[in-house]
Amino acid sequence: MEHDLSPATLAELRRPRPYPAVSVLTPTHRRDPLNTQDAVRLRNAVAEAKKKLEADPAVTRDRRADVALQLDRALTEVDLSHSEDGLAIFAAPGEHQVWSLARAVPERIVLSDTFLTRNLVSAHTAQRPFWVLSVSADRCTLWSGGVDRVVEERAGGFPLIREQRNFDPERQEWIGDQPSSFRNEDTRRFLRDADTAMGKLLRHHPRPLYVTGEPAALSLLGEAGSVAGDAVHVPHGGLAHGTPEAVWQAVRPVLEAEARRSTEDVARSLESARGRKEFAAGVDELWQSAREGRVRLLAVEENYRITVRDTGEHLIVAEDGDLDARADIVDEIVEQCLETGAEVRFVPDGALGDADGMAAVLRY
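Definitions and cut-offs
Residues numbered from 1 in each chain as written. Predicted model: local features only at pLDDT ≥ 70, side-chain atom pairs only at ≥ 80, totals over all residues. Heavy atoms only, no water. Core = buried A, V, L, I, M, F, W, Y, C linked by side-chain atoms within 4.5 Å. Buried < 20%, exposed > 50% of the residue type's maximum accessible area, 1.4 Å probe, protein only. Helix = DSSP H or I, 4+ residues; strand = E, 2+ residues; numbered from the N terminus. Contact = heavy atoms within 4.5 Å. Pairing = 2+ DSSP bridges. Axes fitted to C-alpha atoms, helices over the stretch in contact; angles between N-to-C directions. pLDDT = per-residue confidence, 0-100. Parallel < 35°, antiparallel > 145°, perpendicular 65-115°, else oblique. Left-handed = near helix turned anticlockwise from the far one by under 90°. Nonpolar A, V, L, I, M, F, W, Y, C, P; charged D, E, K, R; others polar. Salt bridge = Lys/Arg side-chain N within 4 Å of Asp/Glu carboxyl O.

## Here we look at the nonpolar core
Okay, so step 1: Membership of the largest hydrophobic core comes to 24 residues, with the highest contact counts inside it found for V283, L298, I329, I333, C337 and M358.
Okay, so step 2: Among the elements of the structure, α8 (283-291), β14 (295-301), α9 (329-339), β17 (343-347) and β18 (358-362) are those that each provide at least two residues to this core.
Okay, so step 3: Setting aside anything within four residues of it in sequence, one finds I333 in contact with V283, L286, W287, A290, L298 and M358.
Okay, so step 4: Counting residues in each nonpolar core, the second largest holds 22 residues, with L133, V135, L160 and L218 among its members.

Rendered as structure tokens:
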């Protein structure tokens, strides 16, 4: 299953496909007892997608068979033992993808000539992904981080491992008359290579970068190149050979402090916007402003969801059972704002006070 939504990947997902491009979205659950029904719900959703293919006169027999096969193959790739909060299956002639999302999604099946990406975009933005590069004299390990964990990422050539002789990893120095490993030219070269590899990865998968290591290693890495030198340094050794949990515990206080500062910055920006008459709130006003490209900063509480109905002129809160309801309007607004160059910040629930879950600073 896919997790990393890079700009290049998103552009590829948005590319028009031969009709039909099928998007199957379904909520999933991380824990018992709710996750026991996920497999049944997913199979039912795929079966419903096949029924839509059968009923669509615009779909030829060959394409119907092709896309149905792609849906079946996607289903075999789903690993519900590692479920998050939502799942997206994309299938089109000759291709399929499965995406696990760390944000709830509505149950939807859409046949179009493009895949439905807005839920992916919103989930990716809310996840606030980041990289952690853990360095030592003989190993550099890359970790992919989200809101509550990190996992080792084997991409971009990582982990980088340096062959060494007569090296004592416990003492982090050469045995005998050789100088300390962090003053050794081979180590400098090794860390320069790590910086170069990290720079290449960031060009294709841009995220905030945190670097962990002994103070001497961090200092040397800062001298070795510009990418890691501009990162947030976390002086904590041993993590290049560590566990995901150890890395998470090391970077967590830094992330939490940054999140607090970010929330405070958002609150100040919104308050200042009120005084300048550049403040907007409420799903209807925000949807209009987003479509007009007027939003400069959008703030969304992490678990804010609302189901609305489009009357043609305004969005109103939908009644239960409304067949025309749009359950993912928040994700639509997030994606629309990002499309027009707005900054989107997710903040803790309740942080926006009377703004009712979502608010914006307008450009004009």
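Resuming the write-up.
## Brief notes about the sheet that holds strand β3 (residues 95-101)
Okay, so step 1: The antiparallel open sheet is built from 4 strands, whose spatial order is β3-β2-β1-β4. In this open sheet, the two edge strands, each paired with only one partner strand, are β3 and β4 (108-112). Within this sheet the neighbouring strands show an average axis-to-axis angle of 10°, counted without direction.
Okay, so step 2: Sheet topology places strand β1 (residues 21-27) next to strand β2 (residues 86-92); 6 bridges connect them, and they run antiparallel. Opposite V22, over in β2, you have A91 as the bridge partner.
Okay, so step 3: On the sheet, helix α2 (residues 38-55) packs against β1, β2 and β4 and is oriented at approximately 155° with respect to β1.

## A few points about the confidence of the model for the protein
Okay, so step 1: On average, residues of the protein score 89 in pLDDT, and 93% of them reach the 70 mark or higher.
Okay, so step 2: Low pLDDT (under 50) marks residues 171-179, which in the prediction has 21 contacts with non-local residues, meaning those over four places away or in another chain.

## A look at α9
Okay, so step 1: In terms of burial, α9 is a largely internal element, 8 of the 11 residues being buried.
Okay, so step 2: Buried residues of α9: I329, V330, D331, E332, I333, V334, E335 and C337, and no others.
Okay, so step 3: The first or second residue beyond α9 is G341, which carries a positive phi of 85°.

## Quick word on the packing of α8 against α9
Each pair of packed helices can be summarised by the angle the axes make with each other and by the distance between the axes.
Okay, so step 1: Packing of α8 against α9 leaves a shortest axis separation of 9 Å and a crossing angle of 30°. What the angle tells us is that α8 and α9 run roughly parallel. As α8 packs across α9, the resulting crossing turns out to be left-handed. Contacts from V283, L286, W287, A290 and R291 in α8 reach I329, E332, I333, Q336 and C337 in α9.
Okay, so step 2: Classifying every residue of the contact of α8 with α9 by side-chain character gives 7 nonpolar, 1 polar and 2 charged.

## A few points about the sheet that holds β14
Okay, so step 1: The strand order across the open sheet built from 4 strands is β13-β18-β14-β17, with neighbouring strands paired in mixed fashion. Every other strand in the sheet has two partners, leaving β13 (279-281) and β17 as the edge strands with one partner each. Sheet twist, expressed as the mean angle between neighbouring strand axes with direction ignored, is 20°.
Okay, so step 2: Looking at chain direction, β13 and β18 are connected through 3 bridges and run antiparallel. By the bridge assignment, A280 is partnered in β18 with A360.

## Here we look at the pattern of salt bridges
Okay, so step 1: Evaluation of the coordinates by the stated rule reveals 33 salt bridges.
Okay, so step 2: Ionic pairing is found between E335 and R14, a salt bridge with its closest N-O pair at 2.5 Å. Placement of E335 in helix α9 and of R14 in helix α1 (residues 7-14) is noted, with a sequence separation of 321 residues between them.
Okay, so step 3: For E335, a relative accessible area of 14% corresponds to the buried category.
Okay, so step 4: Overall, R14 belongs to the partly exposed group, its relative accessible area being 28%.
Okay, so step 5: We note a salt bridge from R188 to E223, for which the minimum N-O separation is 3.4 Å. Of the two residues, R188 sits in helix α5 (residues 185-204) while E223 sits in helix α6 (residues 215-224), which places them 35 residues apart along the sequence.
Okay, so step 6: Among the charged side chains, a salt-bridge network with shared partners connects R108, R118, D310, R326, D328 and E332.

## Some details on the environment of L191
Okay, so step 1: Inspection of the secondary structure puts L191 in helix α5.
Okay, so step 2: Beyond its immediate stretch of four places on either side in the chain, L191 contacts V135, S136, C140, A217, L220, L221 and A224.

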